[in-house]
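# What the coordinates show
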Amino acid sequence: MHERITGKRIKLKRPVYDVKTAEKIYSVIDRCRDVFLPWLGWVKDANSPKDTLKFLEVVNKDWNSNTQFVYEISVDKNFVGLISVVNIAWPHKRAEISYWLDTDYTGCGYMAEAIALIEKELFDNGFNRIVIHTDALNQRSANVALKAGYQFEGILMGDVGSASEDNATGVGLYGFH
């Protein structure tokens, strides 16, 4: 996977494992915390730039072992979110895309563009199946997947898609192949 990918309006790049990057990412997470919390369980554990630096350490190791690829999304040199390739099944050429975006940048098509760039990268690397999982109740995330051309394939009942592990609403499955 390329470490930098350039689109028409956005740039994707592998995050640098350093304090400056951790502070930049944490700043957006903290500002958007109330919007993210119902859907992204990891947000409750992101309480300081130090926590984000630990995340970046894992991201760096996973990138080097080809088990996960996380990209910063930038618009006009401003950090606006992350998009990741996760749950990679190399022998079957399948992967999942996950994402989050600064709430100041939603509704502009930036995530759909980021998804298209990641899809091209995956297809260029021989992948033939890409999925997006969303909380079954997170309509905004589902709309991103649909706008990007993914087909709704169903709900994985009983799976935990939200931040509340006690509230298993199910996971919406969106596929592209």
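A brief look at the structure comes next. All values derive from a computational prediction rather than experimental measurement.

### Some remarks on the packing of aromatic side chains
Enumeration over the complete set of coordinates arrives at 11 aromatic pairs. With a centroid separation of 6.0 Å and 75° between ring planes, the pair formed by Phe-79 and Trp-100 is classed as edge-to-face. Linking Phe-79 in strand S4 (residues 78-89) with Trp-100 in strand S5 (residues 94-101), this pair joins segments that are 21 residues apart in sequence. Trp-100 carries the same exposure label as Phe-79, and that label is buried. Here Tyr-150 and Phe-176 contribute two aromatic rings whose centre-to-centre distance is 5.0 Å and whose plane-to-plane angle is 40°, an arrangement assigned as tilted. Highlighted residues: Tyr-150 in the loop between helix H4 (139-147) and strand S7 (151-156) and Phe-176 in strand S8 (residues 171-176), separated in sequence by 26 residues.

### Some details on the pattern of salt bridges
Where charged atoms of side chains with opposite charge meet at close range, the side chains can pair. Applying the stated criterion to the full structure yields 9 salt bridges. Salt-bridge contacts for Lys-24 lead to Glu-72; the nearest nitrogen and oxygen are separated by 2.9 Å. Of this pair, Lys-24 sits in helix H1 (residues 19-36) while Glu-72 is found in strand S3 (residues 69-75), placing the two residues 48 residues apart along the sequence. Among the charged side chains, a network of salt bridges with common partners joins Arg-31, Asp-102 and Asp-104.

About the criteria used
Residues numbered from 1 in each chain as written. Predicted model: local features only at pLDDT ≥ 70, side-chain atom pairs only at ≥ 80, totals over all residues. Heavy atoms only, no water. Phe/Tyr/Trp six-rings, centres within 6.5 Å; stacked < 30°, edge-to-face > 60°. Helix = DSSP H or I, 4+ residues; strand = E, 2+ residues; numbered from the N terminus. Buried < 20%, exposed > 50% of the residue type's maximum accessible area, 1.4 Å probe, protein only. Salt bridge = Lys/Arg side-chain N within 4 Å of Asp/Glu carboxyl O.

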